[in-house]
Amino acid sequence: MLKRVIQIAFLFIGGALGFVFLPPLYEFINLSSNPWLNNPYVSVILGAILLFLLSFSLSDYFVKLIVWMEGILFKVPAADLLFGTLGLIIGLIVAYFVGFAIELIKFPILTQVLPVLLSIILGYLGFRVGFTKRDELITMFSKSGAVSKKKTLDAANSALGETKTLYKLLDTSVIIDGRIADISSTGFIEGVLVVPQFVLTELQHIADSSDTLKRTRGRRGLDILKKLQDERATTVQITEEDFEDVQEVDLKLVRLAKKMGAQILTNDFNLNKVCELHHVQVLNINDLANAVKPVVIPGEDMQVVVIKDGKEHNQGVAYLDDGTMIVVEGGRSFIGQSITVTVTSVLQTSAGRMIFAKPKDEQVA
């Protein structure tokens, strides 16, 4: 079908070209005196036939070109394409006005060459600016309209008794971790949990891995998602939204969070930092776990079982029930024993909490 359309287009283009260019050609080869040949209708027919015959050898190449361009355009997000086109139009408008001013110079070379060059350069620059600065332009226009619309939206929401839907995006690490299901079941997480399809795809790849450990983690993540869907009171949505121009899952999550005005639930330290750079609100499960852990004060005594030696000389390592590591100075000789230790200091970060202690008897001594 596409090939037929291209051949018909060649037919009409050939007719137009024949009407324009064949009469001067007749005059050049001294055939303009022939009324049967130097005729507009004959020129149109000859031009259409010639280009139509040429289309049989060129149409396949045009079909491949159009299919290739379709493939590229379909992969480009609609917003990028829209802003790129708007930038192209603005660039061409600026080039037109500049070219109009150049015509006043009355210099033949400038008036003929510069407008064409300006149209190409400014059109390309406008497209690139609109394409690459899409997020900034959206933010700028949204901020300018936010002040004027805020009161209207607030009044409408209060009148209808509606509240803005809170979306929380789940990344791969927080799903595999599994604690999100327990937190969700307590009702502390408000809003809608959103799982992007590209996160599900990454989970599936992990679950299909040849590595036993990775395969187990991937399957655990899929089980956690099923548990969330079965037990959660509010909705768990799966969105097909994707960004083909971005390969990294973390950057896709950040862009999707910006687009939806959502928060990101994670326990990935690096993603946490990326979200901070992009001014996207992130809820770190490790931060939550640290916040609800029992407070340990330096000087407090506790009963622990020393399990193994530490990294430094004569250190022992013990753990609380919630997994918090306790480094016992001079505790190597107590491995396998339950002893009373006194807390000396506590180190708390987004990666976890670590307690440093000494055996009580040694400290008393």
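The rules behind the values
- Residues numbered from 1 in each chain as written.
- Predicted model: local features only at pLDDT ≥ 70, side-chain atom pairs only at ≥ 80, totals over all residues.
- Heavy atoms only, no water.
- Buried < 20%, exposed > 50% of the residue type's maximum accessible area, 1.4 Å probe, protein only.
- Helix = DSSP H or I, 4+ residues; strand = E, 2+ residues; numbered from the N terminus.
- Arc of directions from axis to C-beta.
- Polar contact = N/O pair within 3.5 Å; in protein donor to acceptor, adjacent residues only side chain to side chain.
- pLDDT = per-residue confidence, 0-100.
- Contact = heavy atoms within 4.5 Å.
- Pairing = 2+ DSSP bridges.
- Axes fitted to C-alpha atoms, helices over the stretch in contact; angles between N-to-C directions.
- Parallel < 35°, antiparallel > 145°, perpendicular 65-115°, else oblique.
- Left-handed = near helix turned anticlockwise from the far one by under 90°.
- Nonpolar A, V, L, I, M, F, W, Y, C, P; charged D, E, K, R; others polar.

### What to know about helix H12 (residues 285-292)
- The complete set of buried residues in H12 reads Ile-285, Asn-286, Ala-289 and Asn-290. Buried residues of H12, viewed axially, fall in a sector of 140°; they line one side. Every exposed residue of H12 that faces more than 90 degrees away from the buried side is listed here: Ala-291 and Val-292.
- The opening residue of H12, the one whose side-chain oxygen lies 2.8 Å from the backbone nitrogen of Asn-286, is Asn-284.

### Here's the deal with the confidence of the model for the protein chain
- A residue-level look at the protein chain finds 83% of positions with pLDDT of 70 or above and a mean pLDDT of 78.
- Every residue in residues 159-163 is under pLDDT 50, and counting partners more than four places away or in other chains gives 1 contact.

### Regarding the side chain of Lys-252
- Along the polypeptide, Lys-252 turns up in helix H10 (residues 249-260).
- Classification of Lys-252 as buried rests on a relative accessible area of 10%.
- Excluding anything up to four places from it in sequence, Lys-252 contacts Phe-198, Asp-242, Phe-243, Val-246 and Gln-247.

### Focus on the sheet that holds strand S5 (residues 282-284)
- Reading across the sheet, the 5 strands line up as S3-S2-S1-S4-S5 and stay open at both edges, with parallel pairing between neighbours. Looking along the sheet, the strands with just one partner apiece sit at the ends: strand S3 (236-239) and S5. Strand-to-strand twist across the sheet, computed as the mean angle between neighbouring axes with direction ignored, equals 30°.
- Judged from the 3 bridges that link them, strand S1 (residues 167-170) and strand S2 (residues 192-196) form a sheet pairing that is parallel. Its bridge partner lying in S2, Lys-168 is registered against Leu-193.
- Those strands touched by helix H9 (residues 212-231) are S1, S2 and S3, and its axis lies near 130° from that of S3.

### Examining the packing of H10 against helix H11 (residues 269-277)
- Relative orientation of the contacting elements H10 and H11 amounts to 40°, with a least axis distance of 10 Å. With respect to H11, the element H10 is oriented oblique. For the element pair H10 and H11, the recorded crossing hand is right-handed. Each of Asp-250, Leu-251, Leu-253 and Val-254 in H10 lies in contact with H11, whose residues at this interface are Leu-271, Val-274 and Cys-275.
- For the contact of H10 with H11, the class distribution of residues is 6 nonpolar, no polar and 1 charged.

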